[in-house]
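An overview of the molecular structure
Chain by chain, the residues run as shown.
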Amino acid sequence: MRQRLRHLYLMYGLAFVALVLVLAALEQMGLPRAWVGMAFLLITMATYAVIGIVSRTTDADEYYVAGRAVPALYNGMATGSDWMSAASFIGMAGTLYISGYAGLAFVLGWTGGFVLVALLLAPYLRRFGQYTIPDFLAARFGGRLIRLVGVVGLILVSFTYVVAQIYGVGLITSRLTGVAFELGVFLGLGGILICSFLGGMRAVTWTQVAQYIVLIVAFLIPVIALSVKQTHNPLPLLSYGEQLAKVSAKEIDLMVDPRELAVQQAYAERARRLEAMLEAPSRTLRELRQQAERKVSALRAQRAPLEELRQAEQALAHLPRSPEAARQQWQAEWATAQRKAQPLNGMTRHAQRWRTPTDPDDHGSVAVEQRNFMALVLCLMLGTAALPHVLVRYYTTPNVAQTRRSVTWSLGFILLLYLAAPALAVMVKYEVFYQLVGTPLDALPSWVSAWSKVDPSLFLNP
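Everything numeric here is computed off the predicted structure, so don't read it as measured data.

1. Comments concerning the overall build of the protein
Each helix and strand in the protein was counted, giving 20 helices and zero strands. Expressed along its principal axes, the backbone C-alpha trace of the protein runs to roughly 80 × 60 × 55 Å. Within the span of the protein, comprising 462 residues, buried residues form 38% of the whole. Long-range pairs, those at least 24 residues apart, make up 77% of the contacts in the protein between residues at least 6 apart in sequence. Only carbon and sulfur atoms are counted for the fraction: they give 65% of the accessible area of the protein, which is about 25600 Å². On the protein, the mean spot of the 41 positive side-chain charges and the mean spot of the 29 negative ones are 9 Å from each other.

Spelled out as C-alpha cells, the structure:
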C-alpha cells in the first residue's frame, strides 16, 4: 500500500508542477490572468473531487476514521494540510509583515501546540480507539453529561474556526477567478462538500495529502522567486537576514522622509476633522446632506457636464443614511486616519523586539509586552492542542506508535511553511518599501489595482 501511495502522489506532484509550468507559459504567451486563475482553481478542485469520489465508502470505520490504516507519513501530510488553512496560508506572513518580531509569537505558539499534542493528547486518544472527541470524553470519564459538554464545546470551537476559513476561501476564490466574494464562498464550500460527503474521513485524508502538495508548493514558489530576484540565492532562509537589514535601514529613512511626514500630517488633519464631526454626528450629517443637495441643484441649474453631475449625485447617495450609521462610519475612518498618521503606517519596526517607551522612566511597559508575548504563545499552544479537527486526525493511524510518529511528521511538514513565512514577510516588505513606496499611482504595478478590487482600502486619499 505504501509503495502504491508513494507512486501515486509522486506522479501527482510531478503533474502539479507541470500544470504550474504550463499555466505560466500560457500567461507569458498572453492568456489573461483571470483565465489562468480560473483554470488553476477548476483543475485542482476537479482533482480533489475525483479523489473524493474514488474514495467513497459505506463502511463506518472507513467513513469516520479512514479504517485506522493511514500511515504516519501521510497522516502527517494530511494534518499539515488541515492545519495550514487560511489562518496560516494567508494570515501568517501577513501577521509577520504587520507585527514584525511580535508576530513570531504565532509561529512559536502554533508549532508548540503540536508538542503538547504529541506528549499529552494524541497517543491517549488513539489508545481509547473512539471516533470523536466527545466519544473519548464519554469513554474516559463516563456519563452523557460530559459527552454533551464535549459536543457543545466542539461546535463552538469549530464554528468560530470555520468562519475565518470560509472568509479565506471566498477571498482566494474571488482573487483567482475574479468572481464576487459571495460567489467565491459558495464555490469553495461546494468543492469541499464534493470532496468529503461521499467518503468521509477516508476521502478527506487522501484529498488533504494532495492539498498539502499544492499548498506547500504554492507557498514556497513566491518565497524562492523573491529570494532569487532580490539576493540571487534560492534558499530564502539563508538570504532574508540580508534583506531584513535593508528593510530596517529603509524604515529609518521613511520615518524622516519629508513626503512621508507630509502624508502623516494630512491624515492627522483628517483625524481631527473626523473627531470634530463625531462630536455632533446628527448636525454634521444634516449639514453635509444640505451641502450635497445644494451642489447637485446648482450643477443642474448650470447644466454642468454629465460626469460632474453624476459624481455629485453619487456623493449625495453615499452619505450615511442615519446619524448612527454616520457615527459608525466616521469612527472607522477616524481609527484608520489615526493609524496612518503614525510613522510606518502604524507598524512597529520589523526587527524591533519591544516598543521603545516614550517616557525614559517607563520601564514597566516593556515588561508588560514581554509577559503578553509569552502569554500569547501559551494561549496559542493550548488552543492548537485543543482543536477538534486536528485531534481527530490521530484516530486514523494503525496504532499508538504510528500516532506519535504522525505528530512528528505533522510538525515537520508545518515547519516548512512556518520557517518560510518570516522570510516571505521580510522580502515582501522589502519589495513594498523599495518598489512601491513613493511611486505615483499611475505608475503602480497592475497587481496593485487588481488587489484593490478585493480590498478597496488599498487606495485611500487623506
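2. Some details on the environment of glycine 112
Mapped onto the secondary structure, glycine 112 falls in helix H7 (residues 104-128). Using a relative accessible area of 11% as the deciding quantity, one classes glycine 112 as buried.

3. A closer look at a nonpolar patch on the surface
A cluster of nonpolar side chains, contributed by Ile53, Leu193, Ile194, Phe197 and Leu198, occupies part of the molecular surface with about 470 Å² of accessible area. Within the secondary structure, phenylalanine 197 sits in the loop between helix H10 (181-196) and helix H11 (200-231). A relative accessible area of 56% places phenylalanine 197 in the exposed class.

4. Thoughts on the pattern of salt bridges
Scanning all chains against the criterion turns up ten salt bridges. Two residues, arginine 202 and glutamate 62, come together in a salt bridge whose shortest N-O distance is 4.0 Å. Of the two residues, arginine 202 sits in helix H11 while glutamate 62 sits in helix H3 (residues 60-65), which places them 140 residues apart along the sequence. Residue arginine 202 is classed as partly exposed on the basis of its relative accessible area, which comes to 29%. The exposure class assigned to glutamate 62 is partly exposed, which follows from its relative accessible area of 25%. Measuring nitrogen to oxygen at the nearest pair gives 2.9 Å for the salt bridge that ties glutamate 313 to arginine 300. With a gap of 13 residues between them, glutamate 313 in helix H15 (residues 306-317) and arginine 300 in helix H14 (residues 281-301) connect regions that are remote in the sequence.

5. Quick notes on the layout of surface pockets
Roughly 510 Å³ of internal volume is contained in the second largest pocket. Taken together, 16 residues make up the lining of the second largest pocket; nearest its centre are Arg4, Leu5, Leu8, Ser55 and Trp206. Residue assignment for the lining of the second largest pocket shows that the elements contributing at least two residues are helix H1 (2-28), helix H2 (33-54) and H11. Sort the elements by how many residues they give to the lining of the second largest pocket and H1 lands first, with five residues. Here the lining of the second largest pocket is composed, by residue class, of twelve nonpolar, one polar and three charged.

6. A closer look at the packing of aromatic side chains
Scanning all chains against the criterion turns up 17 aromatic pairs. For the ring pair tryptophan 83 and phenylalanine 114, a centre distance of 5.9 Å and an interplane angle of 80° mean the geometry is edge-to-face. Separated by 31 residues along the polypeptide, tryptophan 83 in helix H4 (residues 72-83) and phenylalanine 114 in helix H7 bring together distant segments of the chain. Accessibility assignment for this pair places tryptophan 83 and phenylalanine 114 in one class, buried. Between the aromatic rings of tyrosine 167 and phenylalanine 181, the centroid separation amounts to 5.2 Å while the plane-to-plane angle is 50°, which identifies the pairing as tilted. Taken together, the residues tyrosine 167 in helix H9 (residues 144-177) and phenylalanine 181 in helix H10 connect sequence positions 14 residues apart. Judged by relative accessible area, which is 28%, phenylalanine 181 ranks as partly exposed. Chaining the aromatic ring pairs together yields one cluster made of Trp83, Phe106, Trp110, Phe114 and Tyr418. Lysine 429 extends its terminal NZ or CZ atom over the ring of tyrosine 97, reaching a point 4.9 Å from the ring centre.

7. What to know about the nonpolar core
Tyr9, Tyr74, Trp83, Trp206, Phe219 and Tyr418 are the most contacted members of the largest nonpolar core, which has 75 residues in total. Among the elements that take part in this core, helix H19 (residues 400-436) stands out by supplying 16 residues, more than any other.

8. Quick word on the environment of valine 368
Position of valine 368 relative to the elements: it lies in helix H17 (residues 364-385). By relative accessible area, which is 37% here, valine 368 ends up partly exposed. In this structure, the C-alpha to C-alpha distance between valine 368 and leucine 238, residues 130 residues apart in sequence, is 33 Å.

9. Let's talk about the packing of helix H12 (residues 236-256) against H19
Following both chains from N to C, one finds H12 and H19 inclined at 40°, their axes separated by 9 Å at the closest point. Relative to H19, the element H12 lies oblique. Here H12 and H19 pass one another in a crossing that is left-handed. For the pair H12 and H19, contact is made by Pro236, Leu237, Ser239, Tyr240, Gln243, Leu244, Lys246, Val247, Lys250, Glu251 and Leu254 and by Leu419, Ala420, Pro422, Ala423, Val426, Met427, Lys429, Tyr430, Phe433 and Tyr434, respectively.

10. A look at the packing of helix H6 (residues 91-99) against H19
Taken N-terminus to C-terminus, the directions of H6 and H19 make an angle of 55°; their axes are 8 Å apart at the nearest point. Taken together, the axes of H6 and H19 lie oblique to each other. Viewed along their axes, H6 and H19 form a crossing whose handedness is right-handed. Residue-level inspection shows Met92, Ala93, Leu96 and Tyr97 of H6 in contact with H19, the latter providing Tyr418, Ala421, Pro422, Leu424, Ala425, Val428, Lys429 and Val432.

11. So, H7
Under the 1.5 Å per step criterion, the end-to-end length of H7 is 35 Å for 25 residues, consistent within 8% with the ideal 36 Å. For H7, the principal kink sits at valine 117 and spans about 55°. Positive backbone phi, approximately 65°, marks glycine 129, located one or two places after H7.

12. As for the environment of leucine 244
Note on placement: leucine 244 falls in helix H12. A residue is classified by how much of its surface remains accessible, and leucine 244, at 23% relative accessible area, is partly exposed. The residues touching leucine 244, leaving out its near neighbours within four places in the chain, are His350, Ala351 and Val426.

Each value, and the rule that gives it
- Residues numbered from 1 in each chain as written.
- Predicted model: local features only at pLDDT ≥ 70, side-chain atom pairs only at ≥ 80, totals over all residues.
- Heavy atoms only, no water.
- Helix = DSSP H or I, 4+ residues; strand = E, 2+ residues; numbered from the N terminus.
- Buried < 20%, exposed > 50% of the residue type's maximum accessible area, 1.4 Å probe, protein only.
- Contact = heavy atoms within 4.5 Å.
- Areas by Shrake-Rupley, 256 points an atom, 1.4 Å probe, with all protein chains shown as cover.
- Lys, Arg positive; Asp, Glu negative; His and termini not counted.
- Charge placed at Lys NZ, Arg CZ, Asp CG, Glu CD.
- Patch = residues over 30% accessible without salt bridge, like charges linked within 9 Å, V, L, I, M, F, W, Y side chains within 5 Å.
- Salt bridge = Lys/Arg side-chain N within 4 Å of Asp/Glu carboxyl O.
- 1 Å grid on protein atoms, 1.4 Å probe; cavity = no way out; pocket = protein on both sides within 12 Å on 5 of 7 lines; lining within 4 Å.
- Points joined across faces, edges and corners; volume = space filled by probe spheres on them.
- Nonpolar A, V, L, I, M, F, W, Y, C, P; charged D, E, K, R; others polar.
- Phe/Tyr/Trp six-rings, centres within 6.5 Å; stacked < 30°, edge-to-face > 60°.
- Lys NZ or Arg CZ within 6 Å of the ring centre and 35° of its normal.
- Core = buried A, V, L, I, M, F, W, Y, C linked by side-chain atoms within 4.5 Å.
- Axes fitted to C-alpha atoms, helices over the stretch in contact; angles between N-to-C directions.
- Parallel < 35°, antiparallel > 145°, perpendicular 65-115°, else oblique.
- Left-handed = near helix turned anticlockwise from the far one by under 90°.
- Expected span 1.5 Å × (residues − 1).
- Bend = angle between axes of the 7 residues up to and from the residue.

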